[in-house]
Amino acid sequence: MDIIGQLITSFIATAAFGVIFNAPKETLVKCGLVGMGGWIIYFISEKYTSDAILATFGATLFVGIVSQELAKFYKTPVIIFSVAGIIPLVPGGLAYDTMRNFVENDYFSALTLGAKVTMLSGSIAFGLVFSEVINQVIRRIKRSKVLKI
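Analysis parameters
- Residues numbered from 1 in each chain as written.
- Predicted model: local features only at pLDDT ≥ 70, side-chain atom pairs only at ≥ 80, totals over all residues.
- Heavy atoms only, no water.
- Helix = DSSP H or I, 4+ residues; strand = E, 2+ residues; numbered from the N terminus.
- Buried < 20%, exposed > 50% of the residue type's maximum accessible area, 1.4 Å probe, protein only.
- Polar contact = N/O pair within 3.5 Å; in protein donor to acceptor, adjacent residues only side chain to side chain.
- Contact = heavy atoms within 4.5 Å.
- Core = buried A, V, L, I, M, F, W, Y, C linked by side-chain atoms within 4.5 Å.
- pLDDT = per-residue confidence, 0-100.
- Axes fitted to C-alpha atoms, helices over the stretch in contact; angles between N-to-C directions.
- Parallel < 35°, antiparallel > 145°, perpendicular 65-115°, else oblique.
- Left-handed = near helix turned anticlockwise from the far one by under 90°.

Draft legend 1. Spatial organisation of the side chain of T98. Tracing the backbone through its elements, the reader meets T98 in helix α5 (residues 92–103). The exposure class of T98 is buried, given its relative accessible area of 7%. Among the polar contacts listed, one links the side chain of T98 to the backbone oxygen of L94, at a separation of 2.8 Å. Excluding residues within four positions of it along the chain, T98 makes contact with A110, L113, G114 and V117.

Draft legend 2. Structural view of unusual backbone geometry. Of note in the backbone geometry, N22 takes a positive phi value of approximately 55° without being a glycine. Structurally, N22 can be placed in the loop between α1 (2–20) and α2 (28–49). Given the relative accessible area of 67%, N22 is considered exposed. The phi angle at K75 is positive, at roughly 55°, despite the residue not being glycine. Position of K75 relative to the elements: it lies in the loop between α3 (52–74) and α4 (78–86).

Draft legend 3. Here's a closer look at the nonpolar core. C31, W39, Y42, F81 and L89 are the most contacted members of the largest nonpolar core, which has 21 residues in total. If you list the elements that add at least two residues to this core, you get α2, α3, α4 and α6 (107–148). For F81, the residues in contact, after removing those within four places along its chain, are T27, K30, C31, V34, S67, L70, A71 and T76.

Draft legend 4. Broad picture of the confidence of the model for the protein. Taken over all residues, the pLDDT of the protein has a mean of 92, while the share at 70 or more is 98%. Averaged pLDDT values for the elements of the protein fall to 91 in α6 and rise to 95 in α5.

Draft legend 5. Highlighting the packing of α2 against α4. Running from N to C, α2 and α4 point in directions that differ by 45°, and their axes come no closer than 8 Å. Judged by the inter-axis angle, α2 sits oblique to α4. For the pair α2 and α4, the sense of crossing is right-handed. In this structure, α2 uses K30, C31, V34 and G35 to contact α4, whose residues at the interface are I80, F81, A84 and G85.

Here is the structure:
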């Protein structure tokens, strides 16, 4: 039952951010599904491996690859799907706790949380870049097969 709640809330949150970012109306459900898929991959991976950084990377890789494919299929910019899709993965709560601990002069906790926020943010960036690299490699392979025929 917990997974169903995660699916519903992540879909609503992602679609709502699509509205905030002025995504076209016809893409809102697709944006919600991309974010929902990324979040459920994160949720399950983090639950079984207890490694939030690896789970974030895997979920972001999924979001990036699916965003690339949806953008090609629907002839829309990739950023519409990828930005909305990574919203559930952004460590905003941890960043807030980091700043709160700095303000409360708890520097050890603040630095610990800050390092985790940096690593999570880096895994999001690396996942998006790596998905683009995968997309480029697949394009070149397809292009080279077409040229050989």
